[in-house]
Structure formats: structure tokens, C-alpha cells
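Report on the structure
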Amino acid sequence: MNVRRDERMNERASCREGAATPSGASYTDLNARIIDAWVEDGWEWGIPIDHERYAAAVAGDWSMLLTPTRPVPRDWLFADMRGRRVLGLAAGGGQQMPIFAAMGAVCTVLDYSERQIASEGLVAEREGYEIRAIRADMTRPLPFADGEFDLIFHPVSNCYVEDVGAIWRECARVLRPGGRLLAGLDNGVNYIVDDDEERIVRGLPFNPLKNPGLIPAEELEEWGMQFSHTIDEQIRGQIQAGLSLIDLYEDTNGGESRLHKLGIPTFWATCAEKPADA
């Protein structure tokens, strides 16, 4: 089997309870269950890449996404990824990590969705590479040693987390000096508009744990528990964790989104580096 599920690490990562929803369940447990259902229903971020795309990546023809539409610049990665230790943080689903494996990276993926972790296993087995797959909650201490990774790839996902500051501190801890954190970030605009993206109907911050009326019970399965975050939390938070911002860009929702058609950015992507002397 090409996927190793590290149960010891998973137990360590589950040592603290997450914040509870009104029903008494951890909101991160609730989100994991909801995302599993989305994957079952064909969620676009849960569809693994096919063999043809993997083979193209082996040949050097690749692209990957941190945000909905704009590919990650190639110079955000190291020139030679062979042997580089890469962590896909909340990056399950078999979309980005197979690309890193095709480049020759040594890959670990951490995700709290069982279905997203399973997809990583399916692609790894199909293509014959190894990946360490860990089902764990990223709001808890990451189950890795200090300086274990050369690069962390963190696509848009911390919109499902109330406190992102702890995530940045853990990323800084597990990166080696000179290592990089690539992150996709929601800028909050999606939370202030109505479903048709025509009117501003809410203020910020968007936090359904503090204001349960933001997500009606009958819509929870569609939304999951989501949270807006400020530029202070998302970008300044990385800097305060000890990382140096070296590049960034904006992106839109893509597709048929009205905000996309109007050119209104709804996401940021950042490339940060742990100082070599840290």
C-alpha cells in the first residue's frame, strides 16, 4: 500500500477539544463531516486529478491552484523539488499533492476529511508513489517535528477555522529555516453579499459561533461553519509568526460568479519564507 496512515500522529493531534457548536459537537468535526458529503456529491475541490495530468506533471508540464482560478507562479516553488519535504496542509483531495509527487518531492498530507484523505490514497496507489497521509485537525498542534518541512502548501481552507493565528505559528515551527509557506486566503468579501452577489447584506466579522443566526440551521450543510478573517489575521499573522512575506496576488471566485465578472477579488495568495537564520 502506498499510503501510510500515521495513527500515532493522529492521536497526538487530537489531544485537545475544538470549540463547540450549539449542538455540542466540535465545529471542526462538523465541518469534516460536511466536506465528506460535499466530496460524495462531486465537489470540485474533491475530484482527484486523472492519470494524464499526473503523467504531464512528471514530464514537467504542471500547474496548481491555491485559489479558484489563478495558477501558482512557478518561482514560488524551489527550482528543484526532488527530495524536498512537502506538507499539504488541509490539502487533501488528490489535486495538488500528486503534482508535488510527480516532481519528486517527499509528500505528507494532513486533512480532517476522511474522503479527502482517501482520495490521496487512490491517486498514490494508481500512480505508484508514496505519501504519508494523516487525518487530523489543523486547529490543534501539528503532529510534526520542528523544522520537518521545506515547503507547506495550504490552499483556501482556513475559512473553516475560527483562529488562524495558531495555524501560522505551527507552520513557522514545522518549516526549516529557508522553508516556504504557500497559502490561499479568503478576504471576506464573499461573506458580506447575498446569494446573487448583488447586495451587501452582512457586516464583518462573519463568525457563526458568536452569531448563530448568520447560518440558518437548514443551510448549515450547504455552508459548513465558515469564518471571515482580516488582513491582520491572514497576512500580518504570518509575519508575526516569524515568516517573511516575499510575494502575493489576488484572485476571484471564477466561474459564473457576479463578483468574478465584475473583477472583484475575493481571495489572496501569499508566499512567505522562514528566515534562514531563524
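Thresholds, definitions, all that
- Residues numbered from 1 in each chain as written.
- Predicted model: local features only at pLDDT ≥ 70, side-chain atom pairs only at ≥ 80, totals over all residues.
- Heavy atoms only, no water.
- Buried < 20%, exposed > 50% of the residue type's maximum accessible area, 1.4 Å probe, protein only.
- Helix = DSSP H or I, 4+ residues; strand = E, 2+ residues; numbered from the N terminus.
- Contact = heavy atoms within 4.5 Å.
- pLDDT = per-residue confidence, 0-100.
- Expected span 1.5 Å × (residues − 1).
- Salt bridge = Lys/Arg side-chain N within 4 Å of Asp/Glu carboxyl O.
- Core = buried A, V, L, I, M, F, W, Y, C linked by side-chain atoms within 4.5 Å.
- Pairing = 2+ DSSP bridges.
- Right-handed = clockwise from strand over helix to strand, strands pointing away.
- Phe/Tyr/Trp six-rings, centres within 6.5 Å; stacked < 30°, edge-to-face > 60°.
- Lys NZ or Arg CZ within 6 Å of the ring centre and 35° of its normal.

Moving on, we get to helix H6 (residues 165–174). Burial within H6 is extensive, with 7 of its 10 residues counted as buried. Taken together, the buried positions of H6 are occupied by Gly165, Ile167, Trp168, Glu170, Cys171, Ala172 and Val174. Those residues of H6 hidden inside the fold are in contact with strand E2 (85–89), strand E5 (149–154), strand E6 (175–186) and helix H9 (231–240).

Moving on: the confidence of the model for the protein chain. Per-residue confidence for the protein chain gives a mean pLDDT of 92, with 91% of residues at or over 70. Mean pLDDT values for the elements of the protein chain range from 34 in helix H1 (residues 7–13) up to 99 in E5. Low pLDDT, under 50, characterises residues 1–18; the stretch is placed with 41 contacts to residues that sit more than four places away or in other chains.

Cis peptide bonds are those with omega within 30 degrees of zero, and the linkage from Leu204 to Pro205 qualifies with 5°. Here Pro205 lies in the loop between helix H7 (189–192) and helix H8 (220–223). Backbone geometry places Ala90, a non-glycine residue, at a positive phi of 55°. Of note in this structure, Glu197 is not a glycine but carries a positive phi near 55°. Looking at the secondary structure, you find Glu197 in the loop between H7 and H8.

Right, let's talk about the side chain of Ser119 for a bit. Along the chain, Ser119 turns up in helix H5 (residues 114–127). You can call Ser119 buried: its relative accessible area is 5%.

Moving on, we come to helix H2 (residues 27–40). The first and last C-alpha atoms of H2 sit 20 Å apart over 14 residues, in line with the 20 Å expected at 1.5 Å per residue. Taken across its 14 residues, H2 has 10 buried, putting it largely inside the fold. Looking at the residues trailing H2, positive phi occurs at Gly42, about 95°.

A word on the pattern of salt bridges. A full pass over the atoms with the stated rule returns 15 salt bridges. Glu40 is paired through a salt bridge with Arg115; the nearest N and O atoms lie 2.3 Å apart. With Glu40 in helix H2 and Arg115 in helix H5, this residue pair connects regions lying 75 residues apart in the sequence. Note on Glu40: relative accessible area 54%, which makes it exposed. For Asp137, the salt bridge is made with Arg140, and the minimal N-O distance between the two is 3.5 Å. Judged by its relative accessible area of 4%, Asp137 falls in the buried class. Salt bridges linked by common partners bring Arg84, Arg85, Asp150 and Arg176 together as one network.

Glancing now at the nonpolar core. Counting residues in hydrophobic clusters, the biggest one holds 43 residues, and the most contacted among them are Leu89, Leu110, Phe144, Ile152 and Trp168. For this core, the secondary-structure elements that each account for two or more residues are H2, E2, E5, H6, E6, H8 and strand E8 (267–273). Residue contributions to this core peak at 6 residues, all from H2. Discounting residues that sit within four places of it in the chain, Trp168 has contacts with His154, Asn158, Leu181, Ala183, Leu185, Glu233, Gln234, Gly237, Gln238 and Ala241. Residues Met97, Val123, Ile131 and Cys271 belong to the second largest nonpolar core, which totals 33 residues.

Burial within E6 is extensive, with 11 of its 12 residues counted as buried. The pairing of E5 with E6 spans 5 bridges and is classified as parallel. Its bridge partner being in E6, Phe149 is matched across the sheet by Leu175. Handedness of the crossover is the feature at issue here: the chain leaves E5, passes through H6, returns alongside E6, and the resulting connection is right-handed. Sheet topology places E6 next to E8; 7 bridges connect them, and they run antiparallel. Looking at the pairing, Gly184 lines up with Ala269 of E8.

What follows concerns the packing of aromatic side chains. Throughout the structure, instances matching the rule amount to 10 aromatic pairs. Grouped by ring-pair contacts, the aromatic residues Trp38, Trp43 and Tyr160 constitute a single cluster. Here Arg84 stacks its cationic end above the ring of Phe78, 4.0 Å away from the centre of that ring. Arg180 extends its terminal NZ or CZ atom over the ring of Phe78, reaching a point 5.6 Å from the ring centre.

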